[in-house]
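Here is what each chain is made of, one letter per residue.
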Amino acid sequence: MKQYRDDDTIAAISSGMTEAGIGIVRVSGPEALKIAEKTVRIGGKPASDLQANTVHVGLLMQGDTVLDQAVVLTMRAPKSYTGEDVVELQCHGGPYLLRRVLQTVLDAGARLAMPGEFTRRAFLNGRMDLSQAEAVMDLIGSHSEYERASAMDQLSGSFSSRINDLRSRILYETAFLEAAVDDPEHISTEGYAERLAAVVKEIRAQIADMIQAAENARVFKAGIRTVILGSPNVGKSSILNLLLGSERAIVTEIPGTTRDVLEEAVRVGDLTLLLADTAGIRRSEDTVERIGIELAEKKAEAADLILYVIDAAQPASQQELMQAAKWVKNKKAILLLNKTDLPQAADVGAIREITGLEPLSFSARTGEGRKELYDKILTIFSDMLPASGEYEAAANLRHLEELRTADKSLALVEEAIAAGMPEDLFTIDLMDAYTALSRIVGDAASEALVDEIFSKFCMGK
Ligand code: GDP
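Residues numbered from 1 in each chain as written. Predicted model: local features only at pLDDT ≥ 70, side-chain atom pairs only at ≥ 80, totals over all residues. Heavy atoms only, no water.

**Considerations on the environment of Gly 83**
Stage number 1. Considering the arrangement of structural elements, one finds Gly 83 in the loop between strand E6 (65–75) and strand E7 (86–93).
Stage number 2. Residue Gly 83 is classed as buried on the basis of its relative accessible area of 12%.
Stage number 3. Spatially, the C-alpha atom of Gly 83 lies 8.8 Å from that of Gly 29, the residues being 54 residues apart in sequence.
Stage number 4. Among residues more than four places away in sequence, those in contact with Gly 83 are Ala 77, Pro 78, Asn 125 and Arg 127. (Helix = DSSP H or I, 4+ residues; strand = E, 2+ residues; numbered from the N terminus. Buried < 20%, exposed > 50% of the residue type's maximum accessible area, 1.4 Å probe, protein only. Contact = heavy atoms within 4.5 Å.)

Next comes the structure, spelled out in structure tokens:
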């Protein structure tokens, strides 16, 4: 059973809980203005009949105690964030003060808002669809220009409109089929199957594009999963330390001492590298080290980028180079020829020939090659950026699942067409695809799903 009602008047601290110039307690719901009147004194008198869409300066009162001065903003339904009457009490921003102000508002009849409840109401009142509501969360949580710009694009509704475009095309075909079934005398389905096949193919291609874009987006959002590989003692930990700018990993003279896979984030331009440090990959009798190696290989298989390190000061064995070649073959990879501050013993010609890559001169000791490495990473991943150079909204994990579901249903339609099934059988799968896409924007979204999405918000949003 739900513990709250959607027509309660809700309140929460909507600004951050750190000391700041301004802090905001937001109140939303049918009683918002009344509650504000009970808590604000303007011009020495209790506020009465606060008008919507006005700004007032007053004192926040708890009984006879003046809590703070405040600017009071009022907004009338439906032209507010939530679509309800909204009052924002903007006082000074201090955690203790804000809690007192919030308590006063609760005492005056508001209920504490659930996490994400303001935005949930915006969704329920049609101010935004579900994917736009998710974008609010992404925008607030953004840490880079990519995250900000793509969340903003999603908030503007461009992602929803792409989805809605696909929905309307599917709906059009379904409506046509149903009409044809109802009125076979006037609506002919001759040649229709081929036409539908072409439409479905086109929609599936667009879905495939969106899935690919989401995969690219993961790299920009979560970061480029990067694994540093190479034989023991080539300098993997030292390189990790250099890139992280700290002494995070333990650097040793003894081969095979880095056993756990550490992962840390480092910024490269607008990208994030998620750097995993791994034990040297080599044959080992030492169980603990072997676990490290297995972890390293597993990490490397799932990685977006491999930095394969070769020691410039040692003659690289044929076997080591074969190993390097194996790892860099099917991956985005950069070959680092480390320790170039020492006299060179490695045969660069052989390295080039066997691995098929041009090694990048590097020194974890002097920092040589670091800038070149970053430039190379940016070049490698820049082709994942949208051709327009603009960051666009991309499907999140929930959307991806629905896109895949829709695609499966559309594949069934294609199969049915290919098998020459009667037209009226296509509609079920078409409607399944339609429903999956509808759930992305929140039409046909179950209450449980809506609850789950908004529960990920934090207080005051
Ligand atoms: P890992 O086993 O591949 O992680 O290698 P480490 O990072 O532990 O380094 C092994 C040894 O090589 C340590 O003594 C490091 O100080 C040394 N080392 C690493 N990188 C360089 C470098 O660029 N130049 C020099 N001269 N020594 C390095």
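**Focus on the nonpolar core**
Stage number 1. Within the largest apolar cluster, 33 residues are counted, with the highest numbers of intra-cluster contacts made by Leu 275, Leu 307, Leu 336, Leu 373 and Ile 377.
Stage number 2. Element by element, the count of residues in this core is highest for helix H8 (residues 236–244), at five residues.
Stage number 3. Discounting chain neighbours no more than four positions away, the residues touching Leu 307 are Thr 226, Val 227, Ile 228, Leu 229, Leu 243, Leu 275, Ile 334, Leu 336 and Leu 373.
Stage number 4. Core analysis: the next-biggest nonpolar cluster, separate from the first, contains 32 residues, Ala 395, Leu 400, Ile 417 and Ala 433 among them. (Core = buried A, V, L, I, M, F, W, Y, C linked by side-chain atoms within 4.5 Å.)

**Thoughts on the sheet that holds strand E5 (residues 55–62)**
Stage number 1. Strand order in the open sheet made by the eight strands is E4-E3-E5-E6-E7-E2-E1-E8, with mixed pairing throughout. Two strands bound the open sheet, and with one partner strand each, they are strand E4 (45–46) and strand E8 (111–112).
Stage number 2. Bridge count between strand E1 (residues 10–13) and strand E2 (residues 20–28): four bridges; the pairing is antiparallel. Bridge pairing in E2 places Ala 12 opposite Arg 26.
Stage number 3. This element, helix H2 (residues 95–107), spans E1, E2, E5, E6, E7 and E8 of the sheet and lies at about 150° to E7.
Stage number 4. Across the sheet, helix H3 (residues 117–124) lies against E1, E2 and E8, angled at about 135° from E1, the strand it touches most. (Pairing = 2+ DSSP bridges. Axes fitted to C-alpha atoms, helices over the stretch in contact; angles between N-to-C directions.)

**With respect to the pattern of salt bridges**
Stage number 1. In total, this model carries 21 salt bridges according to the counting rule given.
Stage number 2. The salt bridge partner of Arg 111 is Asp 8, with a shortest N-O separation of 2.6 Å. Of this pair, Arg 111 sits in strand E8 while Asp 8 sits in the segment before E1, placing them 103 residues apart in sequence.
Stage number 3. With a relative accessible area of 18%, Arg 111 lands in the buried category.
Stage number 4. Residue Arg 204 pairs with Asp 407 through a salt bridge whose shortest N-O separation is 2.8 Å. Highlighted residues: Arg 204 in helix H7 (residues 192–221) and Asp 407 in helix H13 (residues 397–418), separated in sequence by 203 residues.
Stage number 5. Looking at Arg 204, the relative accessible area reads 24%, which means it is partly exposed. (Salt bridge = Lys/Arg side-chain N within 4 Å of Asp/Glu carboxyl O.)

**Quick word on unusual backbone geometry**
Stage number 1. Note the cis peptide between Ala 77 and Pro 78, where omega equals 0°.
Stage number 2. Its place among the elements puts Pro 78 in the loop between E6 and E7.
Stage number 3. For Asn 233, which is not a glycine, the phi torsion comes out positive at approximately 75°.
Stage number 4. Among the structural elements, Asn 233 can be located in the loop between strand E9 (224–230) and H8.
Stage number 5. For Asn 233, a relative accessible area of 33% corresponds to the partly exposed category.

**Observations regarding the site of the ligand**
Stage number 1. Looking at the ligand, there are 18 residues lining it, with Asn 233, Lys 236, Ser 237, Ser 238 and Asp 341 nearest.
Stage number 2. Contact between the ligand and Asn 338: a nitrogen atom at 3.1 Å from a side-chain N or O atom of the residue.
Stage number 3. Contact between the ligand and Arg 365: an oxygen atom at 3.1 Å from a side-chain N or O atom of the residue.
Stage number 4. Expressed as a share of its isolated accessible area of 580 Å², the protein-covered part of the ligand is 92%. (Near = heavy atom within 4 Å. Polar contact = N/O pair within 3.5 Å; in protein donor to acceptor, adjacent residues only side chain to side chain. Areas by Shrake-Rupley, 256 points an atom, 1.4 Å probe, with all protein chains shown as cover.)

**So, H7**
Stage number 1. Across its 30 residues, H7 extends 42 Å between first and last C-alpha, which sits within 8% of the 44 Å expected from 1.5 Å per residue.
Stage number 2. Phi turns positive, to about 120°, at Gly 223, one or two residues after H7. (Expected span 1.5 Å × (residues − 1).)

**Comments concerning the pairing of strand E12 (residues 305–311)**
Stage number 1. With seven of its seven residues buried, E12 lies for the most part within the structure.
Stage number 2. Taking every second residue as pointing to the same face, both faces of E12 are buried, with Leu 305, Leu 307, Val 309 and Asp 311 on one and Ile 306, Tyr 308 and Ile 310 on the other.
Stage number 3. With five bridges connecting them, E9 and E12 associate as parallel partners. Note that in E12 the partner of Gly 230 across the bridge is Val 309.

**What about the packing of aromatic side chains?**
Two descriptors summarise a pair of aromatic rings, namely the distance from one centre to the other and the angle between the planes of the rings.
Stage number 1. A complete count under the given rule lists one aromatic pair for this structure.
Stage number 2. Just above the ring of Phe 118 sits the side chain of Arg 26; from NZ or CZ to the centre is 4.4 Å.
Stage number 3. The side chain of Arg 195 reaches across the aromatic face of Phe 176, ending 5.2 Å from its centre. (Phe/Tyr/Trp six-rings, centres within 6.5 Å; stacked < 30°, edge-to-face > 60°. Lys NZ or Arg CZ within 6 Å of the ring centre and 35° of its normal.)

**So, the packing of H13 against helix H14 (residues 426–441)**
Stage number 1. Packing of H13 against H14 leaves a shortest axis separation of 8 Å and a crossing angle of 165°. By the angle between their directions, the pair H13 and H14 is classed as roughly antiparallel. The way H13 lies across H14 gives a crossing that is left-handed. For the pair formed by H13 and H14, the contact residues are Arg 398, His 399, Glu 402, Leu 403, Thr 405, Ala 406, Ser 409, Leu 410, Leu 412, Val 413, Ala 416 and Ile 417 on the first element and Phe 426, Asp 429, Leu 430, Asp 432, Ala 433, Ala 436, Leu 437, Arg 439 and Ile 440 on the second. (Parallel < 35°, antiparallel > 145°, perpendicular 65-115°, else oblique. Left-handed = near helix turned anticlockwise from the far one by under 90°.)

**Considering H8**
Stage number 1. Burial analysis of H8 places eight of its nine residues in the buried class, the great majority of the element.
Stage number 2. Turning to H8, its buried residues number three or more, namely Lys 236, Ser 237, Ile 239, Leu 240, Asn 241, Leu 242, Leu 243 and Leu 244.
Stage number 3. The first or second residue beyond H8 is Gly 245, which carries a positive phi of 65°.

On their own, these measurements won't tell you what the molecule is for.
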